[in-house]
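Coordinate analysis (summary)
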Amino acid sequence: MSGPRSMRTPLGRVRNLGSSHSGTTDFWRQRLTAVAMVLLIMPVIVIVLMLIGRNQAGAAQILGSLPIAIILVLFIIASTWHMRIGMQIVIEDYVHHEKLKLASVMANNFFCIAVALASIYAILKLSSGV
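Note that residues are indexed from 1 along each chain, following the sequence as it is written. Where local features are concerned, this predicted model is filtered to residues with pLDDT of at least 70; where side-chain atom pairs are given and counted, the filter is 80 or more; whole-chain, interface and lining totals use all residues. Note that water and hydrogens are dropped before the side-chain values are worked out from all heavy atoms of the structure.

Naming follows an unreviewed UniProt entry, where the protein chain appears as Succinate dehydrogenase hydrophobic membrane anchor subunit of Bradyrhizobium algeriense. UniProt positions are given in the numbering used here, feature names are shortened, and annotations may be inferred rather than shown by experiment. Taken directly from UniProt, the Subunit (unreviewed entry) text for the protein chain runs: "Part of an enzyme complex containing four subunits: a flavoprotein, an iron-sulfur protein, plus two membrane-anchoring proteins, SdhC and SdhD." Under the UniProt heading Subcellular location (unreviewed entry), the entry covering the protein chain gives this text: "Membrane".

Each Phe, Tyr or Trp ring (for Trp, its six-membered ring) is paired with any other whose centre lies within 6.5 Å, and the angle between the two planes then decides the class: stacked below 30 degrees, edge-to-face above 60, tilted in between. Scanning all chains against the criterion turns up one aromatic pair. Here the aromatic rings of Phe27 and Trp28 are separated by 5.2 Å at their centres, their planes lie at 85 degrees, and the arrangement is edge-to-face. Judged by its relative accessible area of 56%, Trp28 falls in the exposed class. Here's how the labels work: a residue is buried when its accessible area is under 20% of the maximum for its type, exposed when over 50%, partly exposed in between, all with a 1.4 Å probe on protein chains only.

Quick look at the UniProt feature "transmembrane region" (unreviewed entry) in the protein chain now. When the UniProt feature table is mapped to this numbering, "transmembrane region" (unreviewed entry) covers residues 32–52, 58–81 and 102–124. Taken end to end, residues 32–52 is 95% helix and 0% strand, and its first and last C-alpha atoms sit 30 Å apart. Segment residues 102–124 splits into 100% helix and 0% strand. End C-alpha atoms: 33 Å apart. A run of DSSP states H or I qualifies as a helix once it reaches four residues; a run of E qualifies as a strand once it reaches two. Both are numbered from the N-terminal end.

Before going further, it helps to spend a moment on the side chain of Ser127. By the secondary structure assignment, Ser127 is in helix α5 (residues 98–128). Any N or O atom pair separated by 3.5 Å or less is treated as a polar contact, with the protein-specific requirement of one donor-capable and one acceptor-capable atom, and with residues adjacent in sequence counted only for side-chain atom pairs. Among the polar contacts made by the side chain of Ser127, one reaches the main-chain carbonyl oxygen of Leu124 at a distance of 3.1 Å.

This is the structure we're talking about:
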């Protein structure tokens, strides 16, 4: 219908085919996670400096503190969520083959979830002293 013999104007042919309006959500979520990481980076740096030179027992003693474990878990969640959104945007912008794009986005989601779960598990295991 919208071939070369169409009577529709160029604007009429593209109307309602534009943005799906989901990019703004990702934009704001990425900014929110960035702000969360900025607020959490100083306490995380202090915690990492406290862990330097400690053995597992010393690390477990430091990480056994509930506020420290919470700070680290929040930082892990914010950073992996931020990473997932950023990589998804790169994949959507630069991978043009639809099946490869879908597979890449799925792999990105699974990778970020795996990193977050493994990191949180490690923090919880160390903080519980097991």
